[in-house]
Amino acid sequence: MNTFKEYEFWFVVGSQFLYGPETLEQVALHAQTMTDGLNKRGLLPTNVIYKSTVKTADEIAQVIKDANASDRCAGLIVWMHTFSPSKMWINGLALLQKPYLHLHTQFNRMIPNEEIDMDFMNLNQSAHGDREHGFIAARMHQKRKIVVGYWEDDDVQRSIASWMRSAVGAAESRNLKLVRFGDNMREVAVTEGDKVEAQIKLGWQVNTFPVSELVKKIDSISSEAVDKRLEEFKKLYTLNTADKKSVRYQVQVELALRAFLEEKGAKAFSNTFEDLSGMKQLPGLATQHLMGTGYGYGGEGDWKVSAMTRIVKAMSEGLEGGTSFMEDYTYHLEEGNELVLGAHMLEVCPSLASGKAKIEVHPLGIGGKERPARLVFEGASGPAILISLIDLGTRFRLIVHDIEVVKPIMPMPNLPVARIMWKPMPDLKTGAHAWILAGGSHHSVLSTAATAEMIEDWAEIMGIEFVHITKDTELERLKTRLFLSDLVWRLQ
Ligand code: MN
């Protein structure tokens, strides 16, 4: 998938008529220079377009209406080069439906000693123009990202880039269609949720389709198509089994699932081992390969984790690392070296793999089907995050946990699935305690590509609660925070 190509961001500069046409020409020229500079530097995931210098309430309202109506516009970046009286922004901001970044910067880095005069001062006054703008956003409770610093600096551009990723995540969320095969696993609570509220709040269209329709699609895949696809798989993965028949079946399922999702315009799906009616194997290799190419997935009918997997994949497209559906499986409780082993029955995304994943065939006790082919690998080490969206009945809570993925400390030769090992922050005891306290699911999205900042900004854009477990997390503080948060969200 090439998500970012579908989106652009608009740079809108605030001013007024007070300073005369020459100043406004300068403002426009500077804004274009900055836009070109930002795009050329290559740190942003997609283009910023200099849209206009707005000088009146009508111009502001118009550019915001245009942004709302544009499918390509994923967000607005605003900056007050001169002084833009903020009452002019009220009617426009009241209409704004797109993510919004307030860039507090200045065209020149230095104060030019010799050249500075009152004309220079009147042209370069974002120091107070942006304060006027900050006030109106605060007064109107406008959701926003504020980035402060010189626009040519990498840290400033990286902050803008990170928010652009969150904004594209928001656009993808609002357009997301998710296909469910079967319901949630019987009796499981955390994978349930209010699909109507999810659509109102997050835009997700979550709908179910009979497994029999998928089976028909599987049966319609030709042997030649399977041959061709298998050749592609052999380039990506190492074939480590003599059981070609089982592998071919998964390839057939992958082609069928992909065609099915494309027909429905869906970028995420869920299924359950409890409803594989008419299927020979639980999709393993098939699901893993689909995830590897950008689709969201959740096991046991977990549509929330599937949608989040897709959204995080979209946000972090083009970045190093990967993103997968994940489950905390079992612990290594060696004192001082406590670790979590993450895996699933089969479905871990190969974007997390260290090196080439192996296609293997092993029996699967759960589900009562034939031996499924799956990808087996170890996860690549590095800093990562776990993400869990839970439905608390009156609101959604998004939990992010900072972790460090490590190379598995033992080979585990008899474990027939992909495995990821990590150290939760600040340590396993505190981290797991905090996660359980916050109500985090046993299913999560693990990403070595996305950052907590991206997810936090996404949560703010979507208007949902965000809880972050970090190296600095203390349980008492977190308890207080969750208690207060409950009160606050009841008032929303
Ligand atoms: Mn599970």
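Here is what the cut-offs are and how they apply
Residues numbered from 1 in each chain as written. Predicted model: local features only at pLDDT ≥ 70, side-chain atom pairs only at ≥ 80, totals over all residues. Heavy atoms only, no water. Helix = DSSP H or I, 4+ residues; strand = E, 2+ residues; numbered from the N terminus. Contact = heavy atoms within 4.5 Å. Buried < 20%, exposed > 50% of the residue type's maximum accessible area, 1.4 Å probe, protein only. Pairing = 2+ DSSP bridges. Domains from an automatic or database assignment. Buried area = accessible area lost by both parts, 1.4 Å probe. Salt bridge = Lys/Arg side-chain N within 4 Å of Asp/Glu carboxyl O. Polar contact = N/O pair within 3.5 Å; in protein donor to acceptor, adjacent residues only side chain to side chain. Core = buried A, V, L, I, M, F, W, Y, C linked by side-chain atoms within 4.5 Å. Donors = N, O, S within 2.8 Å, 3.2 Å for Na, K, Ca; no water. Axes fitted to C-alpha atoms, helices over the stretch in contact; angles between N-to-C directions.

1. Examining the environment of Pro99
So, step 1. As for its placement among the helices and strands, Pro99 is situated in the loop between α3 (87-95) and β4 (100-104).
So, step 2. Each C-alpha atom of the pair Pro99 and Asp457 lies 9.6 Å from the other, and the pair is 358 residues apart in sequence.
So, step 3. Setting aside residues no more than four positions away along its own chain, Pro99 makes contact with Ala74, Gly75, Leu76, Trp163, Ala167, Ala170 and Ile461.

2. A few points about the side chain of Arg229
So, step 1. Counting through the fold element by element, Arg229 comes out in helix α9 (residues 223-236).
So, step 2. Here Arg229 is in contact with Val251, Glu254, Leu255, Arg258 and His289, once residues within four sequence places are set aside.

3. Looking at the pairing of strand β15 (residues 382-391)
So, step 1. In terms of residue burial, β15 counts as a mostly covered element, since eight of its ten residues are buried.
So, step 2. The pairing of β15 with strand β16 (residues 396-406) spans ten bridges and is classified as antiparallel. Within β16, the residue paired with Asp391 across the bridge is Phe396.
So, step 3. Hairpin remark: β15 followed by β16, antiparallel, with four residues in the connecting loop; positive phi at Gly393, about 90°.
So, step 4. In terms of strand pairing, β15 meets strand β18 (residues 443-447) through three bridges, oriented antiparallel. Its bridge partner lying in β18, Ile387 is registered against Val445.

4. Regarding the domain arrangement of the protein
So, step 1. What the domain assignment lists for the protein is domain 1 (3-168) and domain 2 (177-491).
So, step 2. Computed over C-alpha atoms, the centres of domain 1 and domain 2 are 37 Å apart.
So, step 3. Contacts between the two partners involve twelve residues from domain 1 and, on the opposite side, 15 residues from domain 2.
So, step 4. Buried surface at the junction of domain 1 and domain 2, both sides included, amounts to about 1,200 Å², of which 45% is carbon and sulfur.
So, step 5. Counting across the domain 1 and domain 2 interface gives two salt bridges.
So, step 6. Measuring nitrogen to oxygen at the nearest pair gives 2.6 Å for the salt bridge that ties Lys145 to Glu453.
So, step 7. Counting the contacts that link domain 1 with domain 2 gives nine residue pairs in polar contact (both at pLDDT 80 or more).
So, step 8. Per-element tally for the side of domain 1 that touches domain 2: the top contributor is helix α6 (residues 154-174), with six residues.

5. Points about the nonpolar core
So, step 1. With 128 residues, the main nonpolar core has Phe11, Trp204, Leu398, Leu446, Ile455 and Trp458 as its most contacted residues.
So, step 2. A domain-level breakdown of this core finds at least three residues from each of domain 1 (3-168) and domain 2 (177-491).
So, step 3. Apart from the residues within four sequence positions on either side, Trp458 is in contact with Ser166, Gly169, Ala170, Ser173, Leu202, Met308, Ile311, Met315, Leu398 and Ile464.

6. Overview of the pattern of salt bridges
So, step 1. Within the structure shown, the criterion is met by 24 salt bridges.
So, step 2. Lys145 is paired through a salt bridge with Asp457; the nearest N and O atoms lie 2.7 Å apart. One end of the pair, Lys145, is in strand β5 (residues 145-148); the other, Asp457, is in helix α14 (residues 452-462), and 312 residues separate them in sequence.
So, step 3. Since its relative accessible area comes to 12%, Lys145 is described here as buried.
So, step 4. Relative accessible area serves as the criterion here: at 12%, Asp457 is assigned to the buried category.
So, step 5. Here Arg229 ties to Glu232 by a salt bridge, and the two come within 2.9 Å at their closest N and O atoms.

7. Here we look at the coordination of the manganese ion
So, step 1. Binding of the manganese ion to the protein goes through Glu300 (OE), Glu327 (OE), His344 (NE2) and His443 (NE2), at separations of 2.1 to 2.4 Å.
So, step 2. Along the chain, the residues donating to the manganese ion fall in the pattern E-x26-E-x16-H-x98-H. Residue Glu327 is found in strand β11 (residues 323-332), and its partner His443 is found in strand β18; the two are separated by 116 residues along the sequence. Just as Glu327 is buried, His443 falls in that class too.

8. Examining the sheet that holds strand β13 (residues 358-361)
So, step 1. Taken in spatial order, the three strands of this open sheet run β8-β13-β14, and their pairing is mixed. The strands lining the two open edges of the sheet, one partner per strand, are β8 (238-239) and β14 (373-376).
So, step 2. Docked against the sheet, helix α11 (residues 285-292) engages β13 and β14, running at close to 50° with respect to β14.

9. Points about the pairing of strand β19 (residues 465-469)
So, step 1. Of all five residues in β19, four are buried; the element is thus mostly enclosed.
So, step 2. Pairing of β16 with β19, which is carried by five bridges, proceeds in the parallel orientation. Across the sheet, Arg397 pairs through a bridge with Glu465, a residue of β19.

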